[in-house]
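Now for the letters of each chain:
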Amino acid sequence: MTTSRGTRPANAIDQTRRMLSLVTYLRERPGARVADVARAFGVTGDELIADLELLPMCGTSFRGGDLLDIDTDGEHIWWHNPAALAAEAAQPLRLASDEATALLVAARAVATLPGLREGDRQALLRATAKVETAAGETAEASSRLSVTFESEGGVFADVDRAISEGRRLWIRYWSPARDEVTEREIDPIRLVSVGHTYVEAWCRRSEARRTFRLDRVAEIRILDEPSEPPRIEPRDLSAGLVQPSADDPEVVVEVGPAGRWVAEYYPHEGAEELPDGGLRITIRTPAPESLRRLALRLGPDGRIVAPVELAESARRAAREALAAYGEDGDGLFGTGAATGSAAPADTAGAGAAPAGA
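Each value, and the rule that gives it
- Residues numbered from 1 in each chain as written.
- Predicted model: local features only at pLDDT ≥ 70, side-chain atom pairs only at ≥ 80, totals over all residues.
- Heavy atoms only, no water.
- Helix = DSSP H or I, 4+ residues; strand = E, 2+ residues; numbered from the N terminus.
- Buried < 20%, exposed > 50% of the residue type's maximum accessible area, 1.4 Å probe, protein only.
- Areas by Shrake-Rupley, 256 points an atom, 1.4 Å probe, with all protein chains shown as cover.
- Salt bridge = Lys/Arg side-chain N within 4 Å of Asp/Glu carboxyl O.
- Expected span 1.5 Å × (residues − 1).
- Contact = heavy atoms within 4.5 Å.
- Phe/Tyr/Trp six-rings, centres within 6.5 Å; stacked < 30°, edge-to-face > 60°.
- Axes fitted to C-alpha atoms, helices over the stretch in contact; angles between N-to-C directions.
- Parallel < 35°, antiparallel > 145°, perpendicular 65-115°, else oblique.
- Nonpolar A, V, L, I, M, F, W, Y, C, P; charged D, E, K, R; others polar.
- pLDDT = per-residue confidence, 0-100.
- Pairing = 2+ DSSP bridges.

Draft legend 1. Here's a closer look at the overall build of the chain. Along the chain, the regular secondary structure elements total 11 helices and 11 strands. A burial count over the chain gives 41% of its 357 residues as buried. Carbon and sulfur atoms provide 52% of the accessible area of the chain, an area that totals close to 19500 Å².

As structure tokens, then:
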């Protein structure tokens, strides 16, 4: 997130801190001007409006009147119920035993994450101790439970730390489209969550902005070199992480009734109904080879129709996979007819390939 002061992009923790400060700031300044508040917090007007749209979802509880009633006319900001956060209006927080258990187990697990800043770790441990005191016997029961994070947890902590400290990262990253592991140095920009957790970064290998999925990072190191990504506008991810353009290559996939989920899972330009209840789906993607894995995942429930080169590639991959298990793929992939409709002569046999997204 690029700020109006040209400061380093903020991560999720920075945004949370800013919004907590924003609550106090607005309570003391009724009718504050949007431009003045944005300038005070070093953000653009649009970024401030986005924060203001989120604040009404926050409060002391989800009961009526406890959520923050904040709105703006684009020029001024109005807080209609500041008394909702007044000390005399606060109600003691009550947690059910299962809620207290989940909170304590999660807090203890997060406190063990590598890369967590020591100040944050100590603050978390102090808060955990207070919850343990209040929870009584429930706290004792929760101590018998533990959570071990997979590697993504450690990767997240290292990326978050690198963003906060303005340092470059070295990663070994698995690319499913090419089925290879590469080494890269990246300047992290921000962490985003769109189904999975990703780091948006400037890749020094490709000299371009790239998005890396954290659970595909095989190894990571924080470098001493400063992170210096070019000043670029963050991508708008409101429509999802994958946003094909009109210039991207077109791939046509036919699926049977059991493969109709593809139209719900993949952004596509069109989905034509087939007589047997299947679909002919047109997908644009900057990396057509990545859909070869989709074909392998679909197996007999789908096939790539076009381009022919990609269909042949999917068929070869299927044969190689079957050969590894000592099976002949001719019977399964010989016709490529996965939807019950006849395959075009130039694509017959090109696809009932199995492939994972």
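Don't stop here, the text continues.
Draft legend 2. Summary view of the pattern of salt bridges. Going through the model one piece at a time under the given rule, you end up with 22 salt bridges. Linked through salt bridges whose partners overlap, the residues forming this network are Arg33, Asp36, Arg39 and Glu75.

Draft legend 3. Focus on helix α4 (residues 97–111). Over its 15 residues, α4 extends 21 Å from the first C-alpha to the last, a length consistent with the 21 Å expected when each residue adds 1.5 Å. Residues of α4 that are buried include every one of Ala100, Thr101, Leu104, Val105, Ala107, Ala109 and Ala111, and no others. Looking at the buried positions of α4, the neighbouring elements they touch are α5 (118–135) and α6 (137–142).

Draft legend 4. Up close: the packing of aromatic side chains. For the coordinates displayed, the defined rule picks out 2 aromatic pairs. Taking 5.2 Å as the distance between ring centres and 80 degrees as the angle between the ring planes, the aromatic pair formed by Tyr25 and Phe41 counts as edge-to-face. Here Tyr25, found in helix α1 (residues 12–27), pairs with Phe41, found in helix α2 (residues 34–41); they are 16 residues apart in sequence, far enough to count as distant. By relative accessible area, which is 18% here, Tyr25 ends up buried.

Draft legend 5. Representation of the environment of Thr16 within the structure. Structurally, Thr16 can be placed in helix α1. Considering only alpha carbons, one finds Thr16 and Asp51, 35 residues apart in sequence, at a separation of 9.6 Å.

Draft legend 6. Just the packing of α2 against helix α3 (residues 45–54), in detail. One way to put it is that α2 packs onto α3 with a least axis distance of 9 Å and a crossing angle of 100 degrees. The orientation of α2 relative to α3 falls into the category roughly perpendicular. Every residue of α3 that contacts α2 at Val34, Val37 and Ala38 is listed here: Gly45, Leu48 and Ile49. Classifying every residue of the contact of α2 with α3 by side-chain character gives 5 nonpolar, 1 polar and no charged.

Draft legend 7. Spatial organisation of the confidence of the model for the chain. A residue-level look at the chain finds 73% of positions with pLDDT of 70 or above and a mean pLDDT of 75. When mean pLDDT is taken per element in the chain, strand β7 (residues 217–226) scores highest with 92 and helix α11 (residues 330–333) scores lowest with 44. Low confidence marks residues 1–9, where pLDDT is under 50. Its contacts with residues over four positions away, or in another chain, come to 29 contacts. Confidence over residues 329–357 falls short of pLDDT 50; this stretch has 92 contacts with residues more than four positions distant or in other chains.

Draft legend 8. Quick peek at the sheet that holds strand β9 (residues 270–273). Spatial strand order, β9-β10-β8-β11: 4 strands in an open sheet with antiparallel pairing. Looking at strand neighbours, the two that pair on one side only are β9 and β11 (302–306), the edges of this open sheet. Direction aside, neighbouring strands of the sheet carry axes that sit 25 degrees apart on average. In this sheet, strand β10 (residues 279–284) lies alongside strand β8 (residues 250–255) in antiparallel orientation, the contact comprising 6 bridges. Across the sheet, Val252 pairs through a bridge with Thr282, a residue of β10. Along the sheet face, helix α9 (residues 291–298) touches β8, β10 and β11 and points at about 145 degrees away from the line of β11. Contacts from helix α10 (residues 308–323) reach β8 and β11, with the element oriented near 145 degrees to β11.

Draft legend 9. A look at the pairing of strand β5 (residues 196–203). Of all 8 residues that make up β5, 7 are buried, and the element is covered over most of its length. Across 6 bridges, β5 lies against strand β6 (residues 208–213) in antiparallel orientation. Of the residues in β6, the one forming a bridge with Cys203 is Ala208. Hairpin connection between β5 and β6: a loop of 4 residues separates the two successive antiparallel strands, and Glu207 in this loop has a positive phi of roughly 50 degrees.

Draft legend 10. How the structure looks around α5. With 18 residues, α5 extends 25 Å between its outermost C-alpha atoms, agreeing within 8% with the 26 Å of an ideal straight helix rising 1.5 Å per residue. Looking at the residues trailing α5, positive phi occurs at Gly136, about 60 degrees.

Draft legend 11. Representation of the pairing of β11. Here β11 lies mainly inside the structure; 4 of its 5 residues are buried. Note: β8 against β11, 4 bridges, orientation antiparallel. Pairing of Val255 across the sheet is with Gly302, part of β11.

Draft legend 12. Main features of unusual backbone geometry. Residue Pro307 is bonded to the preceding Ala306 through a cis peptide linkage, with omega at 0 degrees. Take Pro307: it is sitting in the loop between β11 and α10. Even without being glycine, Glu207 reaches a positive phi, approximately 50 degrees. Among the structural elements, Glu207 can be located in the loop between β5 and β6.

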